Amino acid sequence: MARRTLRRLLSEARVGQLSLTGGEPTLLPRIHDIVLLARAKGANVALLTNGTLLTEDDIAIYKDLGLAAIQIPILSHRSEHHDHITMLEGSWERAMRSAKSIVTQNPKWLTPVFILSRLNIDDIEPTLDLYASLGVKQIMLNRFNIGGLGRKYAEELNLSHEELRDAFSRANRKLVELGMYAHNGVCTPMCLLNPKEYSNISFSYCTTDLAMRPLTINYRGDVRFCNHSPRVMGNIHQEPLTTILQREAENKYFDTIPTPCDKCELWERCRGGCRAASEQLYGTFDRVDPILEIGKK
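Definitions and limits used
- Residues numbered from 1 in each chain as written.
- Predicted model: local features only at pLDDT ≥ 70, side-chain atom pairs only at ≥ 80, totals over all residues.
- Heavy atoms only, no water.
- Pairing = 2+ DSSP bridges.
- Helix = DSSP H or I, 4+ residues; strand = E, 2+ residues; numbered from the N terminus.
- Disulfide = S-S within 2.5 Å.
- Buried < 20%, exposed > 50% of the residue type's maximum accessible area, 1.4 Å probe, protein only.
- Arc of directions from axis to C-beta.
- Contact = heavy atoms within 4.5 Å.
- Axes fitted to C-alpha atoms, helices over the stretch in contact; angles between N-to-C directions.
- Parallel < 35°, antiparallel > 145°, perpendicular 65-115°, else oblique.
- Nonpolar A, V, L, I, M, F, W, Y, C, P; charged D, E, K, R; others polar.
- Polar contact = N/O pair within 3.5 Å; in protein donor to acceptor, adjacent residues only side chain to side chain.
- Left-handed = near helix turned anticlockwise from the far one by under 90°.
- Salt bridge = Lys/Arg side-chain N within 4 Å of Asp/Glu carboxyl O.
- Phe/Tyr/Trp six-rings, centres within 6.5 Å; stacked < 30°, edge-to-face > 60°.

Student: Just checking my understanding: could you explain the sheet that holds strand β10 (residues 232–235) for this structure?
Tutor: The strands making up a sheet associate through backbone hydrogen bonding, with each pair oriented either parallel or antiparallel. Strands sit in the order β8-β9-β10 across an open sheet of 3 strands; the sheet is antiparallel. A strand with exactly one partner marks an edge of an open sheet, and here the two such strands are β8 (216–217) and β10. For strand β9 (residues 222–224) and β10, the ladder comprises 3 bridges, and the chain directions are antiparallel. Residue Val223 lies in a different strand from β10, and its bridge partner there is Gly234.

Student: Just checking my understanding: could you explain the state of the cysteines for this structure?
Tutor: For the structure on display, the rule yields 0 disulfides. Here Cys187 is not disulfide-linked; the sulfur of Cys206 is the nearest cysteine sulfur, at 3.1 Å. Given the relative accessible area of 7%, Cys187 is considered buried. Between Cys191, a free cysteine, and Cys270, which holds the nearest cysteine sulfur, the sulfur-to-sulfur gap is 6.1 Å.

Student: I tried to follow helix α1 (residues 2–12) on my own but got confused; where do I start?
Tutor: Helical periodicity: at 3.6 residues per turn, an α-helix aligns residues three or four positions apart in one direction. Of all the positions in α1, only Ala2, Thr5, Leu6, Leu9 and Leu10 are classed as buried. For α1, the angular spread of buried residues about the axis comes to 130°, placing them on one side. The secondary structure elements touched by the buried residues of α1 are β1 (17–20), α2 (31–40), β8 and α9 (241–245).

Student: Just checking my understanding: could you explain the pairing of strand β3 (residues 69–73) for this structure?
Tutor: Regular strands show a simple pattern: their side chains alternate between the two faces of the sheet. With 3 bridges connecting them, strand β2 (residues 44–48) and β3 associate as parallel partners. Looking across to β3, one finds that Leu47 is bridged to Ile70.

Student: Sorry if this is basic, but what is going on with the environment of Ala171 here?
Tutor: By secondary structure assignment, the location of Ala171 is in helix α8 (residues 161–178). Among the residues examined, Ala171 registers a relative accessible area of 1% and is labelled buried. Residues Ala171 and Ile124, spaced 47 residues apart in sequence, show a C-alpha to C-alpha distance of 6.4 Å. With near-sequence residues (within four places) excluded, Ala171 lies in contact with Ile124, Leu128 and Leu141.

Student: Could you clarify how one ought to interpret the packing of α1 against α2 in this entry?
Tutor: For the pair α1 and α2, the least separation of the axes is 10 Å and the interaxial angle reads 10°. What the angle tells us is that α1 and α2 run roughly parallel. Within the contact between the two elements, α1 uses Ala2, Arg3, Leu6, Arg7 and Leu10 and α2 uses Asp33, Ile34, Leu37 and Ala38. Residues of the contact of α1 with α2, tallied by class, amount to 6 nonpolar, no polar and 3 charged.

Student: I keep staring at the side chain of Asn172 and nothing clicks. Help me out?
Tutor: Mapped onto the secondary structure, Asn172 falls in helix α8. A residue is classified by how much of its surface remains accessible, and Asn172, at 8% relative accessible area, is buried. In terms of polar contacts, Asn172 uses its side chain to reach the backbone amide nitrogen of Ser199, at 3.2 Å.

Student: Is there a simple way to think about the packing of helix α3 (residues 56–65) against helix α5 (residues 91–105) in this case?
Tutor: Between two packed helices, both the angle of their axes relative to each other and the distance between the axes serve to describe the pair. At a minimum axis distance of 10 Å, the contact between α3 and α5 shows a crossing angle of 35°. Here α3 runs over α5; the crossing is right-handed. Here Glu56, Ile59 and Lys63 of α3 come into contact with α5, specifically with Ser98, Ser101, Ile102 and Gln105.

Student: So what exactly am I meant to see when it comes to the pattern of salt bridges here?
Tutor: A side chain of one charge can pair with a side chain of the opposite charge when the charged atoms of the two come close. By the definition in use, this model includes 12 salt bridges. Between Glu80 and Arg78 there is a salt bridge, and its shortest N-O distance comes to 2.9 Å. Under the relative-accessibility criterion, Glu80 is labelled partly exposed at 44%. Each of Asp129, Lys174 and Glu177 takes part in one network of salt bridges that share partners.

Student: What should I look at first to understand the packing of aromatic side chains in this one?
Tutor: Centre distance and the angle of the planes are the two values used to describe a pair of aromatic rings. Applying the stated criterion across every chain yields a total of 8 aromatic pairs. When the ring of Phe168 is compared with that of Tyr198, the centres are 5.9 Å apart and the planes differ by 65°; the resulting orientation is edge-to-face. Placement of the pair is Phe168 in helix α8 and Tyr198 in the loop between β6 (181–184) and β7 (201–203), with a sequence separation of 30 residues. Across the pair, Tyr198 and Phe168 agree in class, each one buried. Between Tyr253 and Phe285, the ring centres sit 5.9 Å apart and the planes meet at 35°, which makes this aromatic pair tilted. Of this pair, Tyr253 sits in helix α10 (residues 248–254) while Phe285 sits in the loop between α12 (275–282) and α13 (291–294), placing them 32 residues apart in sequence.

Structural data, given as structure tokens:
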């Protein structure tokens, strides 16, 4: 089904970048065939995995296929902290083994991911030291973004506004010291995290123009705004992708301006942070990123 969906997508669109994520994408049978199919059509392919199932053979095959990057969350320098967050005993050891195997092939191939929460806020500096010891220069630095199973553990994971700003400041100082750079892939309201204050961290922001943004398509062909949004806009096996993206009702749904952002001069860049998190928490895209309210508590 995944191969059929990818063939349909590649027949309808010129795909420059394809990221395989999940869940855990390496659980997919014959995932190497998926990578091969996308590469044969000229797409750069990245793999976002927890790293626990990668073997030496897998890594060798991905190298031969020209995989562009592998992202692995390494959530602490302390195995017990990482394993507690993933709820999978032994996951830190296996993720680190995979990371070390990858960098022996090419250090630029690995992107460690640090997902910042209350559970690992004290681990920032030594974890960045661990990344540096692997020889990497580029990492992902994301805040915990409420959604999915995280809603159940939100109180244990969420940070206050003050804690979040301080954590990003500490991370930035350490990145400068190590000569490393981070990219923050979770859209955060600019009134909360001002990009100008973090010299070695780049920030991403969502566009609500469906024709101009990365989309999520699951193996069944369901199209979603992003991998955090639960709303299914359509299915590429039932109608063309262009029809889904040009549907007036869908574009209107995503183009609303939350009340707190109505007159904000940052709106055109910021777009109210991660509004998909609002869908997860409040059931609507109309509200500003819930971190603005949650972080006050």
